[in-house]
Structure formats: structure tokens, C-alpha cells
Amino acid sequence: MSKLNPVKSYLVNGKKFYKLELDCSGYRIRKRGFMNKSSALDYLKKVEHLIALDQYDAYLEDQKASSVTVNDCFNLWKSSRGKKIKRASVITYTKCYELKLKEVFGSVLITKVTQVKINKFIFSIREQGYSESYLNACIASLKAILNHGYKTGLLKEKFRVDFRAKKRARVSFLKSHQVFAILEAAKKLEHPYNFIANLMAVQFYCFMRVGEVVCLKKEDIDLNKMVLRINKNVYQGVLGTIKN
């Protein structure tokens, strides 16, 4: 130990705190925020014990992970992994996180995210009447964020979700007579909204997404060969390719 008195006091807004500064067996020990001198000395004894057992490096890694929240991990993911995936996915994951995940998991340490917490989140989303696809997007964004923590060494194990706990709700589809009734109602709309009936008919009979329909151009339609080319899609304002 190079310093006889490694514990020093300092003031923050008139309140006294203590800090630890010393070099010990090749390590630079720097830690602030102790409420009293005895707490700083107790921490010093613990560090010296870990160094003697050659366990201090592992202790530092655990401390690093245990102090990182989901919100910290999200910011790390967005600044690095967010540049390597599709822009539409980044937008979707970011919206899911900001609107729903942040208020539930944002302040939670990444080492404390459990299946129980996820199940409670799933239940609350369903209670609010959100769709299964929106729920899947929220879970996918949480997985992407925490798996980034695994790839950067903040988590020791890859994050997994037990999807058996996420039973899908039964989906009821429109019957054919209901589809025809909707088309007939759309045909009765006044100009300039009467074109909606044609768009809806194309969407229904060609099994197209809304984003695919609005991207159609004249050159995508070949009336001689009766072919409709679908090669673009708009999702949340972002133009991209169609899904497989």
C-alpha cells in the first residue's frame, strides 16, 4: 500500500463524504461516495482480501454488470448494434422501448430481468388490449437490447424468453360475407374517397399488406399477363422491401 491514509473526505453541497484512493498490488483503487470513514476502510479490507485470493478482476466484472440498467444497455445497443440492422427494425424496437418497455424495465438492472417480470409485462400488455404482433415486437426489442449486453460481456448468459408462458390469443378472421359487405360500403363513398373500394379489393384478394398496396405504381400492373408485381413496402413511414 503506497499511501498511509488512503481515505479522504470531500464536500458535496456542504455534506461530507469519503473517498478511497490508493495503489495496491498493481491495482489503482478509486472509489467515492462513502457515507463515513469506517465504510471506506471496510471496503478497502474487502478489496485487499480479493486481491490476495486473485479474485479482484472477477469482482470488478460482476460490479460492472450489476450497475448497468436496461436503459443503459438500450443506449449502448442503439449506438452500436443499431447501425448494423435494418432501419425499420431500429425504429420499431426504439418505439416499443420508449412507449412500453422503458417504464417497466428501464431502471431495472440487466442482471435482475427475470421471466417473472416478463410474464407480468406480457399480462399487462394483453390487459390493455394490444395485439399479439405488438407484444412480439416488444419482446423482440427487449431480447435485442439484453443480448447486446451478453455480446459485450455485461451478461454471463444469453437472454432467453420462455414463450410457452406467452400463449397466443385466438384470432377471429373476417368471413367472406363480411368482406363483401365492407367492399360494398366502400363503393358508396363519395369522391375523392370512392377509390378506397378498389384498394381494399386488391388488398383482400391478393393478401397484401397496407404498406404494399400504397406502394403500387402503374408499372407494377400488367393487365395483359394479369400480373401484379409486389416489390416494396412502407412500415411506420419507412420505405423498404417486402417481408418473406
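Analysis parameters
- Residues numbered from 1 in each chain as written.
- Predicted model: local features only at pLDDT ≥ 70, side-chain atom pairs only at ≥ 80, totals over all residues.
- Heavy atoms only, no water.
- Helix = DSSP H or I, 4+ residues; strand = E, 2+ residues; numbered from the N terminus.
- Buried < 20%, exposed > 50% of the residue type's maximum accessible area, 1.4 Å probe, protein only.
- Contact = heavy atoms within 4.5 Å.
- Phe/Tyr/Trp six-rings, centres within 6.5 Å; stacked < 30°, edge-to-face > 60°.
- Axes fitted to C-alpha atoms, helices over the stretch in contact; angles between N-to-C directions.
- Parallel < 35°, antiparallel > 145°, perpendicular 65-115°, else oblique.
- Nonpolar A, V, L, I, M, F, W, Y, C, P; charged D, E, K, R; others polar.
- Polar contact = N/O pair within 3.5 Å; in protein donor to acceptor, adjacent residues only side chain to side chain.
- Pairing = 2+ DSSP bridges.
- Core = buried A, V, L, I, M, F, W, Y, C linked by side-chain atoms within 4.5 Å.

A. Structural view of the overall build of the protein. Of the regular secondary structure elements, the protein holds 9 helices and 7 strands. Here the protein holds 244 residues, and the buried ones make up 31% of them. Contacts in the protein between residues at least 24 apart in sequence constitute 44% of all its contacts with a sequence separation of at least 6.

B. Just the packing of aromatic side chains, in detail. This structure, assessed with the given rule, holds 6 aromatic pairs. Relative to Y134, the ring of Y130 lies with its centre 4.9 Å away and its plane at 25°, an arrangement referred to as stacked. An aromatic cluster is defined as three or more aromatic residues linked by ring pairs; in this entry it consists of F74, W77, Y93 and Y97.

C. The arrangement of the packing of helix 3 (residues 70-79) against helix 4 (residues 87-105) in detail. For the pair helix 3 and helix 4, the least separation of the axes is 11 Å and the interaxial angle reads 170°. For the element pair helix 3 / helix 4, the angle class is roughly antiparallel. Packed against helix 3, whose contacting residues are V70, N71, F74, W77 and K78, the element helix 4 presents V90, Y93, T94, Y97, E98, K102 and F105 at the interface. In the contact of helix 3 with helix 4, the residues fall into 7 nonpolar, 2 polar and 3 charged.

D. Expanded view of the packing of helix 4 against helix 6 (residues 132-151). Across the interface, helix 4 lies against helix 6 with an axial gap of 9 Å and an inter-helix angle of 85°. Between helix 4 and helix 6, the interaxial angle falls into the category roughly perpendicular. Contacts from T92, Y93, C96, Y97, L99, K100, L101 and F105 of helix 4 reach helix 6 at Y134, A137, C138, A140, S141, L142, A144 and I145. In terms of residue class, the contact of helix 4 with helix 6 is built from 13 nonpolar, 2 polar and 1 charged.

E. Up close: the environment of E132. Turning to its location among the elements, E132 is positioned in helix 6. Considered as a pair, E132 and I122 are 10 residues apart in the sequence and their alpha carbons are 9.7 Å apart. A polar atom in the side chain of E132 sits 2.9 Å from the side chain of R126.

F. Seen up close, the sheet that holds strand 2 (residues 15-24). Read from one edge to the other, the open sheet built from 3 strands follows the order 1-2-3, with strand pairing classed as antiparallel. Edge strands, defined here as strands with exactly one partner in the open sheet, are strand 1 (7-12) and strand 3 (27-34). Along the sheet, successive strands turn relative to each other by an average axial angle of 20°, direction set aside. Bridge count between strand 2 and strand 3: 6 bridges; the pairing is antiparallel. Pairing of D23 across the sheet is with R28, part of strand 3.

G. View of unusual backbone geometry. Notably, F207 is not glycine yet its phi reads approximately 55°, a positive angle. The exposed category is assigned to F207, whose relative accessible area is 75%. Non-glycine residue M226 carries a positive phi angle of around 55°. With respect to the element layout, M226 can be found in the loop between strand 4 (221-222) and strand 5 (227-228).

H. Looking closely at the environment of K31. Looking at the element boundaries, K31 is found in strand 3. Taking C-alpha positions, K31 is 9.8 Å from L44, a pair spaced 13 residues apart along the chain. Setting aside residues up to four positions removed in sequence, K31 forms contacts with K19, L20 and Y43.

I. Representation of the nonpolar core. The biggest cluster of nonpolar side chains holds 27 residues, and the ones touching the most others in it are V70, F105, V113, I118, F121, L142 and L146. Among the elements that make up this core, the one with the highest residue count is helix 6 (8 residues). L20, I29, V47 and I51 belong to the second-largest nonpolar core, a separate cluster that totals 12 residues.

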